[in-house]
Amino acid sequence: MAKIGYLGPPGTFSELALQYYLAAGEQRDLEPVCLPSLDDVLAGVDRGELAAGLVPLENSSEGAVNRTQDLLAHRFTGLFIQKEMVLPVEHHLLARPGMTVAAVRRVLSHPQALAQCRGYLRRLLPGALEMETASTAAAAAMVAASGEPWAAIGTRAAARACGLSVLAEKINDCQSNATRFVVLGRQDGEPGAGCKTSLIFSVADRPGELYSALAEFARRGINLTRIESRPARSRLGEYLFFIDLAGHRQDAPVKEALQALAARGAGLRLLGSYRPLEEGAGKAPGRGAGCGPGRAAGCRSGGSSGPGGEGCCFAVNSQAGLEKTGLPERNGDGWPHPAYVPGGEADRAAGVCRQEPVGPGLPELRRQIDAVDAQLVDLLVQRMQLVEQVGRLKQAGRIRDYAREEEVLRRAGEHARAAGVRPELMKQVFQLLIRQAVEIQDKSGGAQV
Ligand SMILES: O=C(O)C(=O)C[C@]1(C(=O)O)C=C[C@@H](O)C=C1
């Protein structure tokens, strides 16, 4: 069966978006493959191992997902956008059962999720440290495995999967928070009603060049729905411009504008012409309450404000859209349920199905191990950096603090026991870490006081 990749681990918004995409029924015969990074998703499509990949492109509060844009501009220049969908994103504060908001000392999540909830965190958890993780689902898994007063920002699905409770619901600052996902493949989409085209171009470093390039679209009456710049990575001050416009690349005015742009000597990379998932969803509404940039960025509304909050602009999730496609109602994450799978997560959560779920296979488990390993490396680097700072506060020659070492080992043992792992094993790991910490501090020589 052909495969479609997405950024895992399971429980991420990308997974929910993929379930939505598959449930919408355009592509029934694609096997979802969870991958540890956006780079892996795009590389898999590029190498032909995946028929397609689903990735986030931009968020209504935080703007572009720079990694996706940069990969499309610089590394995977043979990939095209085939489909887009704009879906609401609701974040929840998750913690182990029994925790209270007041007790939370550290909040873990993907940097975009942390940024989208920053107002809430400042107001309700001003003293809590933030810790970035590779995904919201990874944050939930880390909170579940830790004995510390930590919380994760993530989905209800992740809470269910990890046995966490929802401490606070919908903590995203912008109630109409929405993310635009795209499906990428090696060919672009067919012409059709409601098409959009995305492209990247660069201009020569001369006065008026950008103005003249944009005029090619204006004079042909082409509506630009997004324009954004990113560093060209050649030298400081040089930029690439990312543009979305209404129309297919084979529509006469669009074709002419693209030819004119190319003739100006502008570097041009076509990212594809594609339709939003829900056809005929209408055009972008005017600005209202909520997050303006999401609308400007190609949100299409079915006319309903949608259930995600006042002034929401997510076309495919408007109730009208759901009725039209016959998709079931939204679930607790503000997403439509994926196609009903007997004995699937919904049944298990509801206690309906007692039958053992079929576990993931070897490649999937290894991919998940890779994602955990990446997290571990990040955490170890963080520990080394902290240890180095501690070393600078100490006097040269007075680095070791045996009482503290014992405490660190005792805690590690306790956490291990609570998580059902042999304490001795975890203590050995921490003895190694402490030995390495002492080496780091020895090398930096302690404070010169
Ligand atoms: O807490 C400190 O004082 C540290 O330097 C860190 C650390 C550790 O790795 O946890 C390292 C060496 C000390 O002997 C005790 C603990």
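Up top is the structure these notes are about.
Residues numbered from 1 in each chain as written. Predicted model: local features only at pLDDT ≥ 70, side-chain atom pairs only at ≥ 80, totals over all residues. Heavy atoms only, no water.

Brief notes about the overall build of the protein chain
Phase 1: Broken down by element type, the protein chain carries 15 helices and 15 strands.
Phase 2: Across the 449 residues that make up the protein chain, the buried fraction comes to 47%.
Phase 3: Taking the contacts inside the protein chain whose residues are at least 6 apart along the sequence as the reference set, 73% of them involve residues at least 24 apart.
Phase 4: Total accessible area on the protein chain is roughly 21,900 Å²; 53% of this is exposed by carbon and sulfur atoms. (Helix = DSSP H or I, 4+ residues; strand = E, 2+ residues; numbered from the N terminus. Buried < 20%, exposed > 50% of the residue type's maximum accessible area, 1.4 Å probe, protein only. Contact = heavy atoms within 4.5 Å. Areas by Shrake-Rupley, 256 points an atom, 1.4 Å probe, with all protein chains shown as cover.)

Looking at the packing of helix H14 (residues 402–418) against helix H15 (residues 423–444)
Phase 1: Direction vectors running N to C along H14 and H15 enclose 145 degrees, while the axes themselves pass 8 Å from each other. Considering only the axes of H14 and H15, their crossing is right-handed. Residues Glu-405, Val-408, Leu-409, Ala-412, Gly-413, Ala-416 and Arg-417 of H14 form the contact with H15, whose own contacting residues are Pro-423, Met-426, Lys-427, Phe-430, Gln-431, Ile-434 and Val-438.
Phase 2: Partitioned by chemical class, the residues of the contact of H14 with H15 number nine nonpolar, two polar and three charged. (Axes fitted to C-alpha atoms, helices over the stretch in contact; angles between N-to-C directions. Left-handed = near helix turned anticlockwise from the far one by under 90°. Nonpolar A, V, L, I, M, F, W, Y, C, P; charged D, E, K, R; others polar.)

Some remarks on the site of the ligand
Phase 1: Near the ligand the following residues occur: Arg-383, Val-390, Lys-394, Arg-400, Asp-401, Arg-404, Glu-405, Val-408, Ile-434, Ala-437, Val-438 and Gln-441.
Phase 2: Here an oxygen atom of the ligand sits 2.5 Å away from a polar atom, N or O, in the side chain of Glu-405.
Phase 3: Listed by contribution, the elements that provide at least two residues to the shell around the ligand are helix H13 (362–393), H14 and H15.
Phase 4: With four residues, H15 is the single largest residue contributor to the shell around the ligand.
Phase 5: The class makeup of the residues in the shell around the ligand is five nonpolar, one polar and six charged. (Near = heavy atom within 4 Å. Polar contact = N/O pair within 3.5 Å; in protein donor to acceptor, adjacent residues only side chain to side chain.)

A closer look at the packing of aromatic side chains
Phase 1: A complete count under the given rule lists one aromatic pair for this structure.
Phase 2: Aromatic side chains Phe-201 and Phe-241 sit 5.7 Å apart centroid to centroid with 35 degrees between the ring planes, which places their arrangement in the tilted category. Highlighted residues: Phe-201 in strand S12 (residues 196–202) and Phe-241 in strand S14 (residues 239–246), separated in sequence by 40 residues.
Phase 3: On the basis of relative accessible area, Phe-201 is assigned to the buried category, the value being 0%. (Phe/Tyr/Trp six-rings, centres within 6.5 Å; stacked < 30°, edge-to-face > 60°.)

Section: helix H1 (residues 13–23)
Phase 1: Along H1, ten of the eleven residues are buried, which leaves the element largely enclosed by surrounding structure.
Phase 2: Every buried residue of H1 is accounted for by Phe-13, Ser-14, Glu-15, Leu-16, Ala-17, Leu-18, Tyr-20, Tyr-21, Leu-22 and Ala-23.

Overview of the side chain of Ser-60
Phase 1: Here Ser-60 shows up in the loop between strand S3 (52–59) and strand S4 (63–64).
Phase 2: Here the side chain of Ser-60 touches Ala-178 through a polar contact of 2.8 Å, landing on its backbone nitrogen.

Some remarks on the sheet that holds strand S10 (residues 165–168)
Phase 1: Strand order across the open sheet formed by five strands is S8-S7-S9-S6-S10, with mixed pairing between neighbours. Because the sheet does not close on itself, it has two edges, and the strands there are strand S8 (129–132) and S10. Averaged over all pairs of adjacent strands, the angle between strand axes in this sheet comes to 35 degrees, irrespective of strand direction.
Phase 2: Helix-sheet contacts for helix H6 (residues 136–145) involve strand S6 (92–95), strand S7 (106–109), S8 and strand S9 (150–154), and the interaxial angle to S9 is about 155 degrees. (Pairing = 2+ DSSP bridges.)

Focus on the pattern of salt bridges
Phase 1: Applying the stated criterion across every chain yields a total of 27 salt bridges.
Phase 2: In this structure, Arg-67 engages Asp-39 in a salt bridge whose closest nitrogen and oxygen atoms are separated by 2.5 Å. With Arg-67 in helix H3 (residues 66–75) and Asp-39 in helix H2 (residues 38–46), this pair connects stretches of sequence that are 28 residues apart.
Phase 3: By relative accessible area, Arg-67 is classed as partly exposed at 36%.
Phase 4: Asp-39 gets classed as buried once you look at its relative accessible area, which sits at 19%.
Phase 5: A salt bridge links Arg-230 to Asp-70; its shortest N-O distance comes to 2.6 Å. A residue pair is termed long-range when its members are at least 10 positions apart, and Arg-230 in strand S13 (residues 224–231) and Asp-70 in helix H3 qualify at 160 residues.
Phase 6: Here Asp-70 falls in the buried class, since its relative accessible area comes to 6%.
Phase 7: Counted as one network, the salt bridges with shared partners bring together Glu-58, Glu-84, Arg-180, Lys-196, Arg-226, Glu-228 and Asp-244. (Salt bridge = Lys/Arg side-chain N within 4 Å of Asp/Glu carboxyl O.)

Details of the environment of His-248
Phase 1: Tracing the backbone through its elements, the reader meets His-248 in the loop between S14 and helix H9 (252–263).
Phase 2: Given a relative accessible area of 1%, His-248 falls into the buried group.
Phase 3: Expressed as a C-alpha distance, the spacing of His-248 and Gly-194, which sit 54 residues apart in the sequence, is 8.6 Å.
Phase 4: In contact with His-248, other than residues within four places in its own chain, are Gly-189, Glu-190, Pro-191, Cys-195, Thr-197, Val-254 and Ser-273.
Phase 5: Only 3.0 Å separates the side chain of His-248 from the backbone nitrogen of Gln-250, close enough to count as a polar contact.

Considering the side chain of Glu-216
Phase 1: Inspection of the secondary structure assignment puts Glu-216 in helix H8 (residues 209–218).
Phase 2: Of note is the side chain of Glu-216, whose polar atom sits 2.9 Å from the side chain of Arg-219.
Phase 3: Discounting residues that sit within four places of it in the chain, Glu-216 has contacts with Ala-257, Ala-260, Leu-261 and Arg-264.

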